[in-house]
Amino acid sequence: MLITFEGIDGCGKSTQAQLLYERLQTQGIDSMLIREPGGTQLSEHVRGLVLEHRFERPLTAEAELMLFAAARAQLVREVILPALHQNTVVICDRFTDSTIAYQGYGRQLPLEHVEHICKLASADLEPDLTFLLDVPMDVAVARRKQKGDDRI
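Predicted model, so just to flag it, every value in this text is computed and none were measured.

> I would appreciate a short explanation of the pattern of salt bridges in the present structure.
Between side chains of opposite charge, a pair can form as their charged atoms come close. Under the definition given, this model contains 4 salt bridges. Residues Arg-94 and Asp-9 are paired through a salt bridge, measuring 2.3 Å at the closest nitrogen-oxygen approach. Of this pair, Arg-94 sits in the loop between strand S3 (89–93) and helix H4 (96–106) while Asp-9 sits in the loop between strand S1 (2–6) and helix H1 (13–26); the two residues are 85 residues apart in sequence, bridging distant segments of the chain. Given the relative accessible area of 9%, Arg-94 is considered buried. Looking at Asp-9, the relative accessible area reads 22%, which means it is partly exposed. Across the pair Arg-107 and Glu-64 runs a salt bridge whose closest N-O atoms are separated by 3.0 Å. On the criterion of sequence distance, the pair formed by Arg-107 in the loop between H4 and helix H5 (111–121) and Glu-64 in helix H3 (residues 61–85) is long-range, its members being 43 residues apart.

Right, here's the structure in full:
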């Protein structure tokens, strides 16, 4: 089973994903917790690259989309699909919905292109369950200020 957590920055995705993972572990359910981008050597490098602020020019929306897609393609094939084949519950902090929201709507890339790239990168894998967390914007902003902003 693939379970994803989605929502704006500061809504509590990471916290809730961690709590679910811990609960499943206490119940003896084979599970893993991963984040996007991340979870593989390549995907963690992509995460670092996206977070890097030393570029002479900002990343284009298209380059950003492709980097996230590359990280996801590696994560799906190297970690998620093998885990699912072993009946491991995979809990993922962000997945394709975030890409559609941030790169499609946020960066105003054509949705049909973003959705196509998401399908390719994810091997047409869709979550069995997605939790969309919603908090008032002022709460999310206050939480982000405590942690500090980043590109992701």
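> Help me understand the nonpolar core, please; the structure alone is not making it clear to me.
Soluble globular proteins tend to pack their nonpolar side chains together in the buried interior. Within the largest apolar cluster, 12 residues are counted, these being Leu-2, Ile-34, Leu-75, Val-76, Val-79, Ile-80, Ala-83, Leu-84, Val-90, Cys-92, Phe-95 and Leu-125. It is H3 that contributes the most residues to this core, 6 residues altogether. Sequence-distant contacts of Phe-95, defined by excluding residues within four places in its chain, comprise Leu-2, Thr-4, Glu-6, Glu-36, Arg-72, Val-76, Ile-80, Ser-122, Leu-125 and Pro-127. Core analysis: the second largest hydrophobic core is formed by 10 residues, Ile-3, Phe-5, Leu-24 and Ala-140 among them.

> Please explain H3 as it appears in this structure.
Because an α-helix packs 3.6 residues into every turn, residues spaced three or four apart end up facing the same way. Here H3 contains 25 residues, and its C-alpha end-to-end distance of 34 Å stays within 8% of the 36 Å for a straight helix at 1.5 Å per residue. Approximately 45° is the largest bend angle found in H3, and it occurs at Val-76. Asn-87 lies just past H3 and shows a positive phi near 65°.

What counts, and where the lines are drawn
Residues numbered from 1 in each chain as written. Predicted model: local features only at pLDDT ≥ 70, side-chain atom pairs only at ≥ 80, totals over all residues. Heavy atoms only, no water. Salt bridge = Lys/Arg side-chain N within 4 Å of Asp/Glu carboxyl O. Helix = DSSP H or I, 4+ residues; strand = E, 2+ residues; numbered from the N terminus. Buried < 20%, exposed > 50% of the residue type's maximum accessible area, 1.4 Å probe, protein only. Core = buried A, V, L, I, M, F, W, Y, C linked by side-chain atoms within 4.5 Å. Contact = heavy atoms within 4.5 Å. Expected span 1.5 Å × (residues − 1). Bend = angle between axes of the 7 residues up to and from the residue.

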